[in-house]
Amino acid sequence: MRHVLSLFDLTAEEIGQVLDVSVKLKADLTAGKRESLLDNHVIGLLFEKPSLRTRVSFETLTAQLGGNSLMLGSDVGWGSREPLCDFMPILTSYLDMLVIRAKSHALVEESLQFTQCPVINGLTDVSHPCQALADILTVQEIAGGLNDVSIAYIGDANNVTYSLAIICGRLGIPLNIGAPAGYQFESSFIEQLNADAGKELIRQTDDAMAAAENVSFVYTDVWTSMGQEAESKQRLKDLAAYQVNEKLMSVAAADAKFLHCLPARRGEEVTSGVIDSPASAIIQQANNRLHAQKGLVVWLKNQNEPNSQ
Ligand code: CP
Ligand code: NVA
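Conventions and cut-offs
- Residues numbered from 1 in each chain as written.
- Chains lettered and ligands numbered in written order.
- Predicted model: local features only at pLDDT ≥ 70, side-chain atom pairs only at ≥ 80, totals over all residues.
- Heavy atoms only, no water.
- Helix = DSSP H or I, 4+ residues; strand = E, 2+ residues; numbered from the N terminus.
- Rg over C-alpha atoms; globule rule 2.2 N^0.38 Å.
- Buried < 20%, exposed > 50% of the residue type's maximum accessible area, 1.4 Å probe, protein only.
- Areas by Shrake-Rupley, 256 points an atom, 1.4 Å probe, with all protein chains shown as cover.
- Lys, Arg positive; Asp, Glu negative; His and termini not counted.
- Charge placed at Lys NZ, Arg CZ, Asp CG, Glu CD.
- Salt bridge = Lys/Arg side-chain N within 4 Å of Asp/Glu carboxyl O.
- Contact = heavy atoms within 4.5 Å.
- Core = buried A, V, L, I, M, F, W, Y, C linked by side-chain atoms within 4.5 Å.
- Near = heavy atom within 4 Å.
- Polar contact = N/O pair within 3.5 Å; in protein donor to acceptor, adjacent residues only side chain to side chain.
- Nonpolar A, V, L, I, M, F, W, Y, C, P; charged D, E, K, R; others polar.
- Pairing = 2+ DSSP bridges.
- Axes fitted to C-alpha atoms, helices over the stretch in contact; angles between N-to-C directions.
- Parallel < 35°, antiparallel > 145°, perpendicular 65-115°, else oblique.
- Left-handed = near helix turned anticlockwise from the far one by under 90°.
- Expected span 1.5 Å × (residues − 1).
- Bend = angle between axes of the 7 residues up to and from the residue.
- Right-handed = clockwise from strand over helix to strand, strands pointing away.

Caption draft 1: Just the overall build of the chain, in detail. Each helix and strand in the chain was counted, giving 12 helices and 9 strands. Here the chain has a C-alpha radius of gyration of 19 Å; the compact-globule value for 309 residues is 19 Å, and the two agree. Expressed as lengths along the three principal axes of its C-alpha atoms, the size of the chain is roughly 50 × 45 × 35 Å. Taken across its 309 residues, the chain has 54% of its residues classed as buried. With an accessible surface of roughly 13200 Å², the chain has 49% of that area assigned to carbon and sulfur atoms. Of the charged side chains in the chain, 24 are positive and 37 negative, and the gap between their average positions amounts to 5 Å.

In structure tokens, the structure reads:
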């Protein structure tokens, strides 16, 4: 059974297939066509953390495709009320697919051995693959393809950056990560991505301006992710020089666009002047969560039920 916990679970070709389904279903929706590709299917959303985009886009896409979704909060007791070996097979025996947003990536990995249906990662402390698929769909739409694009990610190298780095490595997109020491990835992760790509695509530097030079997209995320609130004061200090502001945008390409997975904290990782400017693509990017995940769900369903196509 195929699952998507990380973009390492997909080859470059498979990511291309997911994006192709997303593009097609987005065009269908725009044309007023809603095919019942999830007719009477049920998708569970097991969420341990708050969410606007991920939750609502999964609920909406399921409804648009003729299925049903179930929002499951802490009351169901994942990892607390009963052992995983009881919880997971029972929950997943009711469902056709399960999306998990979790505090602990390790708990999701541990749960996988007991699942009876495909699982999608809806964000963990380690990765956010659905976000990266929507990010690249957005880049592709804006740039008219992926051939001549480059991205700078400025700030904390976190779960969002992790998935962005994998997808860039897989699809051959140069990515410069500008982050201070202590907020960068282990060099072994970057080396692995570049070795898989066969070239030095993913670079990491503590010089934010150098990272942003001439890139076509500048991306950032919050300095304090969900679950890191106790470190917030220290993070504000450590990352202060990594704000995406007008000066930083001025060294990117003249027509560079700004990306952010959201929610954003204006005045911290990004200025209002940048996020509210015409260069900002955040609404399109957030809307693409719906289309990218629709592509992923339909693709994953077909992978797991080859005769259902
Ligand atoms: N970007 C993102 O995943 O947003 P939510 O936390 O609102 O789902
Ligand atoms: N890095 C952020 C992303 C939110 C979508 C977090 O984990 O809180």
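Caption draft 2: Inspection of the pattern of salt bridges at higher detail. The full count for this structure, using the stated rule, is 12 salt bridges. One network of salt bridges, in which partners are shared, links Lys24, Asp28 and Lys33.

Caption draft 3: Main features of the environment of Gln184. Locating Gln184 in the fold gives a position in the loop between β6 (175-178) and α7 (187-197). Between the C-alpha atom of Gln184 and that of Gln243, which follows or precedes it by 59 residues, the distance is 15 Å. Those residues in contact with Gln184 that lie beyond four places of it in its chain are Ala157, Ala179, Gln204, Thr205 and Asp206.

Caption draft 4: The nonpolar core, seen in detail. Core analysis: the largest hydrophobic core is formed by 59 residues, its most contacted members being Ile120, Ile151, Leu175, Ile177 and Ile202. Look past the residues within four positions of Ile120 in its chain and what remains in contact with it is Val4, Phe58, Met97, Leu98, Val99, Ile100, Cys130, Leu296, Val297 and Leu300. In terms of nonpolar packing, the next biggest core, distinct from the first, is built from 20 residues, Ile154, Ala212, Val218 and Ile275 among them.

Caption draft 5: Highlighting the site of ligand 1. As a matter of local geometry, ligand 1 sits amid Ser51, Leu52, Arg53, Thr54, Arg101, His128, Gln131, Cys261, Leu262 and Arg289. Taking Arg101, its side chain carries an N or O atom lying 2.8 Å from an oxygen atom of ligand 1. Contact between ligand 1 and Arg289: an oxygen atom at 3.0 Å from a side-chain N or O atom of the residue. Looking at side-chain class alone, the shell around ligand 1 contains 3 nonpolar, 4 polar and 3 charged residues.

Caption draft 6: Seen up close, the sheet that holds strand β9 (residues 257-260). Pairing is parallel in the open sheet, where 5 strands are placed in the order β7-β6-β5-β8-β9. Two strands lie at the open edges of the sheet, namely β7 (202-205) and β9, each paired on one side alone. For this sheet, the mean angle separating the axes of adjacent strands, direction not counted, is 20°. Here 3 bridges tie strand β5 (residues 151-154) to strand β8 (residues 217-220), and the two strands are oriented parallel to one another. Opposite Ile151, over in β8, you have Phe217 as the bridge partner. With respect to the sheet, helix α12 (residues 282-304) is in contact with β8 and β9, its orientation differing from that of β9 by roughly 45°.

Caption draft 7: The arrangement of the packing of helix α5 (residues 129-143) against helix α6 (residues 159-171) in detail. Put simply, α5 and α6 touch, their axes get as near as 8 Å, and they point 50° apart. One element, α5, and the other, α6, form an angle in the oblique class. At the point where α5 passes α6, the crossing takes the right-handed sense. Contacts from Pro129, Gln131, Ala132, Leu133, Asp135 and Ile136 in α5 reach Val160, Ser163, Leu164, Ile167 and Leu171 in α6. Counted by class, the contact of α5 with α6 contains 8 nonpolar, 2 polar and 1 charged residues.

Caption draft 8: Region of the structure containing α12. If you check α12, its first and last C-alpha atoms are 33 Å apart, about what 23 residues at 1.5 Å a residue would give, namely 33 Å. If you look at α12, its biggest bend is around 30°, right at Asn288. Counting buried positions along α12 gives 17 out of 23 residues, so the element sits mostly inside the fold.

Caption draft 9: Examining the pairing of strand β3 (residues 97-101) more closely. Counted residue by residue, β3 has 5 buried out of 5 residues, so it is predominantly covered. Going residue by residue along β3, you find Met97, Val99 and Arg101 tucked away on one face and Leu98 and Ile100 tucked away on the opposite face as well. Here strand β1 (residues 42-47) pairs with β3 via 5 bridges, running parallel. Residue pairing for β3: Ile43 is matched across the bridge by Met97. Note that β3 and strand β4 (residues 119-121) share 3 bridges and pair parallel. Across the sheet, Val99 pairs through a bridge with Ile120, a residue of β4. One crossover worth recording links β3 to the parallel β4 by way of helix α4 (residues 105-112), and it is right-handed.

Caption draft 10: Here's a closer look at the site of ligand 2. The immediate surroundings of ligand 2 are formed by Leu123, Asn158, Asn159, Val160, Asp221, Ser225, Met226 and Leu262. Ser225 is positioned such that a nitrogen or oxygen atom in its side chain is 2.7 Å from a nitrogen atom of ligand 2. One nitrogen or oxygen atom from the main chain of Met226 is found 2.8 Å from an oxygen atom belonging to ligand 2. Starting from 270 Å² of accessible surface for ligand 2 in isolation, the protein chains cover 95%. Considering only residue class, the shell around ligand 2 consists of 4 nonpolar, 3 polar and 1 charged.

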